[in-house]
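Breakdown of the fold
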Amino acid sequence: MSWKFLDISLLREIDLYNSLSDRDLGELIPLTETIDCNPGDVVFNEGDVGDGMYIIQNGEIRISKNIPGVGEEALAFLKN
C-alpha cells in the first residue's frame, strides 16, 4: 500500500462535505491520506479502533467476517 494526500476536488463531490467552504476543505486536506490497495489487501480488521473514515475512489472492497464453523462470510461489496 502507498500513502498520499487526498485531492480536494474529491471532497467537493461528497455530500457530507459539499456545504463546506473552500477554506474549510483546505483545512481538512492535511488530515487525509489515500491508500492504494491491491486485491487481497486487508484494510482493517474486526475489532480495530475506528479512528478513520474510508472513501472508495476507484474499484471495490469486500467487507467480510470469519464465522466459526462456517468460514469467511461476505457481508457487503462496496464500490465507488
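Computed from a prediction, not measured in an experiment: that's the story for all the values here.

Some words on the overall build of the chain
- Scanning the chain for helices and strands turns up two helices and four strands.
- Traced from its N-terminal end to its C-terminal end, the chain shows the element sequence β-α-α-β-β-β.
- For 80 residues, the compact-globule estimate of 2.2 N^0.38 gives 12 Å, and the C-alpha radius of gyration of the chain, at 15 Å, exceeds that figure by more than 25%.
- Each principal axis of the C-alpha atoms in the chain carries an extent, and together these give about 50 × 25 × 25 Å.
- For the chain, with 80 residues in total, the buried portion stands at 11%.
- The long-range fraction of contacts in the chain, counting pairs at least 24 apart against all pairs at least 6 apart in sequence, stands at 36%.
- Accessible surface, the chain: about 6600 Å² in total, of which carbon and sulfur atoms supply 50%.

Details of the packing of aromatic side chains
- As enumerated under the stated definition, the model contains one aromatic pair in all.
- Residues Phe44 and Tyr54 carry aromatic rings whose centres are separated by 5.6 Å and whose planes lie at 25° to one another, so their mutual orientation is stacked. Of this pair, Phe44 sits in the loop between strand E2 (34–36) and strand E3 (60–67) while Tyr54 sits in the loop between E2 and E3; the two residues are 10 residues apart in sequence, bridging distant segments of the chain.
- Looking at Phe44, the relative accessible area reads 40%, which means it is partly exposed.
- Residue Tyr54 is classed as partly exposed on the basis of its relative accessible area of 48%.

Side note on the pairing of E3
- Here E3 pairs with strand E4 (residues 71–79) via eight bridges, running antiparallel. Residue pairing in the sheet places Ser64 in a bridge with Ala74 of E4.
- If you look at the hairpin formed by E3 and E4, you'll find three residues sitting between the two strands, and Gly69 has a positive phi there, around 85°.

Description of a nonpolar patch on the surface
- Together, Leu16, Met53 and Ile55 give the surface a local cluster of nonpolar side chains, amounting to about 290 Å² of exposed area.
- With respect to the helices and strands, Ile55 occurs in the loop between E2 and E3.

Cut-offs and rules
- Residues numbered from 1 in each chain as written.
- Predicted model: local features only at pLDDT ≥ 70, side-chain atom pairs only at ≥ 80, totals over all residues.
- Heavy atoms only, no water.
- Helix = DSSP H or I, 4+ residues; strand = E, 2+ residues; numbered from the N terminus.
- Rg over C-alpha atoms; globule rule 2.2 N^0.38 Å.
- Buried < 20%, exposed > 50% of the residue type's maximum accessible area, 1.4 Å probe, protein only.
- Contact = heavy atoms within 4.5 Å.
- Areas by Shrake-Rupley, 256 points an atom, 1.4 Å probe, with all protein chains shown as cover.
- Phe/Tyr/Trp six-rings, centres within 6.5 Å; stacked < 30°, edge-to-face > 60°.
- Pairing = 2+ DSSP bridges.
- Patch = residues over 30% accessible without salt bridge, like charges linked within 9 Å, V, L, I, M, F, W, Y side chains within 5 Å.
- Salt bridge = Lys/Arg side-chain N within 4 Å of Asp/Glu carboxyl O.

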